[in-house]
Amino acid sequence: MTLEDLRVFVAVCRAGSLSAVARELGRTQSAVSQHVKRLERETGVSLLERRPRGVVPTPAGHVLRDAASDSVSGLDLALRRLGDLVNGDGGAVRVTTGGTTVRHFMAEAVVDFRRRYPKVSLEFRTETSSRGCFDALAAGDVDLAWVTIDGPVRGIEQRPVVSLPWVLAVRSDDPLADRPCVGTAGFSDISLIRLPENSTSGALLDAAFAELGIRSGSGTSVADWDTALLLAELGLGHAVVPVLPGWGIPGDGPLRLVPVPDLPPLPVGWAVRRWDALTPLARVFADTVARSCTERSGPDEMPFN
């Protein structure tokens, strides 16, 4: 049994496919299968069950996968820490998040961190959903994930950083533009630009709408908050978006952001496999981003302590 056997086995369990892992690693499917067979010979049990659409771990496979995932991730962490020791203050911090998150939540922190640790590499990986971020963490591909927080996730530790209130983005010539806020009745005759169905923020917004009895038409959907704002500015609909750190509600220009106090704020923050296993550099970067977001939060944005 080798470390590479365990790495490949964990990858197969995650992908649910021998051929997918073979393509990812640039090997033949037979070579990937040999790693699994060697583990089965060593353990004396069957570890994978073949299904019409791939493979899944057997009960014994689940036991080995869980143990191997922790062991492989722990060893990878140790190797990275050894690299940091060899390179002084060098090394890398690997972060996964949405496509526009760095701009809105991390820009100032990135500059601050780079100034303090010029030899450290910051690596960003874009995911389209919190689920994708959690999978990247579980696979050991990244150190930190910035996510919308919606309840506990098995094997993941989460720390909310700031709670974002919601606003309705409308054109300045819209009848709702001059209101101090918008209540549930204000949504009855408007067409909303929808957030992505697979996003946690979109799911939380839909759940809040359902609980409040809000029903509105929707003819347009977008992949991120920035595009929602742009389409609202172009008059293609109204967008409900969270107020991001550092935003001000403009008093002039073509767009207005009208508070929606009935909607519960959106909690966002960091997710990791284990906080006590983070590298010192990753912890410093996480703290730098949290401090920056807290300092830039407006009076309606609630930082978490």
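Residues numbered from 1 in each chain as written. Predicted model: local features only at pLDDT ≥ 70, side-chain atom pairs only at ≥ 80, totals over all residues. Heavy atoms only, no water.

A. Here's a closer look at the packing of helix α2 (residues 18-25) against helix α3 (residues 29-43). Where α2 meets α3, the closest approach of the two axes is 8 Å, and the angle between their N-to-C directions is 110°. By the angle between their directions, the pair α2 and α3 is classed as roughly perpendicular. Where α2 crosses over α3, the handedness of that crossing is right-handed. Between α2 and α3, the residues in contact are Leu18, Ser19, Val21 and Ala22 and Gln29, Val32 and Val36, respectively. Among the residues making up the contact of α2 with α3, the classes are represented as five nonpolar, two polar and no charged. (Axes fitted to C-alpha atoms, helices over the stretch in contact; angles between N-to-C directions. Helix = DSSP H or I, 4+ residues; strand = E, 2+ residues; numbered from the N terminus. Parallel < 35°, antiparallel > 145°, perpendicular 65-115°, else oblique. Left-handed = near helix turned anticlockwise from the far one by under 90°. Contact = heavy atoms within 4.5 Å. Nonpolar A, V, L, I, M, F, W, Y, C, P; charged D, E, K, R; others polar.)

B. Quick look at the pattern of salt bridges. Under the criterion given, the structure shown has 17 salt bridges. Aspartate 112 is the salt-bridge partner of arginine 116, the closest N and O atoms lying 3.9 Å from each other. Placement of both arginine 116 and aspartate 112 in helix α5 (residues 101-116) is noted, with a separation of four residues, approximately one turn of the helix. One salt-bridge network, in which partners are shared between bridges, spans Asp112, Arg115, Arg116 and Arg291. (Salt bridge = Lys/Arg side-chain N within 4 Å of Asp/Glu carboxyl O.)

C. Main features of the nonpolar core. Ranked by size, the top nonpolar core spans 60 residues in total, and within it Val93, Leu144, Leu168, Phe187, Trp270 and Phe285 carry the most contacts. Looking at this core, the element that brings in the most residues is helix α9 (residues 280-296), giving seven residues. (Core = buried A, V, L, I, M, F, W, Y, C linked by side-chain atoms within 4.5 Å. Buried < 20%, exposed > 50% of the residue type's maximum accessible area, 1.4 Å probe, protein only.)

D. Looking closely at the packing of aromatic side chains. Within this structure, the stated rule accounts for six aromatic pairs. Consider the rings of phenylalanine 113 and tyrosine 117, whose centres lie 5.0 Å apart with planes at 35°: the pair is tilted. The same class applies to phenylalanine 113 as to tyrosine 117, namely buried. When the centroid spacing of 6.4 Å and the interplanar angle of 65° are considered together, the rings of phenylalanine 124 and phenylalanine 285 count as edge-to-face. Of the two residues, phenylalanine 124 is situated in strand β4 (residues 120-126) and phenylalanine 285 in helix α9; the sequence distance between them amounts to 161 residues. (Phe/Tyr/Trp six-rings, centres within 6.5 Å; stacked < 30°, edge-to-face > 60°.)

E. Geometry of a nonpolar patch on the surface. A surface patch of nonpolar side chains, amounting to about 230 Å² of accessible area, comprises Leu3, Leu75 and Leu79. Turning to its location among the elements, leucine 3 is positioned in helix α1 (residues 3-15). (Patch = residues over 30% accessible without salt bridge, like charges linked within 9 Å, V, L, I, M, F, W, Y side chains within 5 Å. Areas by Shrake-Rupley, 256 points an atom, 1.4 Å probe, with all protein chains shown as cover.)

F. Highlighting the packing of α5 against α9. Where α5 contacts α9, the two axes come as close as 8 Å, and the packing angle between them is 130°. Between α5 and α9, the crossing angle belongs to the class labelled oblique. As α5 runs across α9, the sense of the crossing is right-handed. Of the residues in α9, those in contact with His104, Phe105, Met106, Glu108, Ala109, Val110, Asp112, Phe113 and Arg116 of α5 are Leu281, Val284, Phe285, Thr288, Val289, Arg291, Ser292, Cys293 and Arg296. A class-by-class count of the residues in the contact of α5 with α9 yields 10 nonpolar, three polar and five charged.

G. Structural detail: the environment of leucine 39. If you trace the backbone, leucine 39 turns up in helix α3. Since its relative accessible area comes to 0%, leucine 39 is described here as buried. For leucine 39, the residues in contact, after removing those within four places along its chain, are Met1, Asp5, Leu6, Phe9, Leu47 and Leu64.

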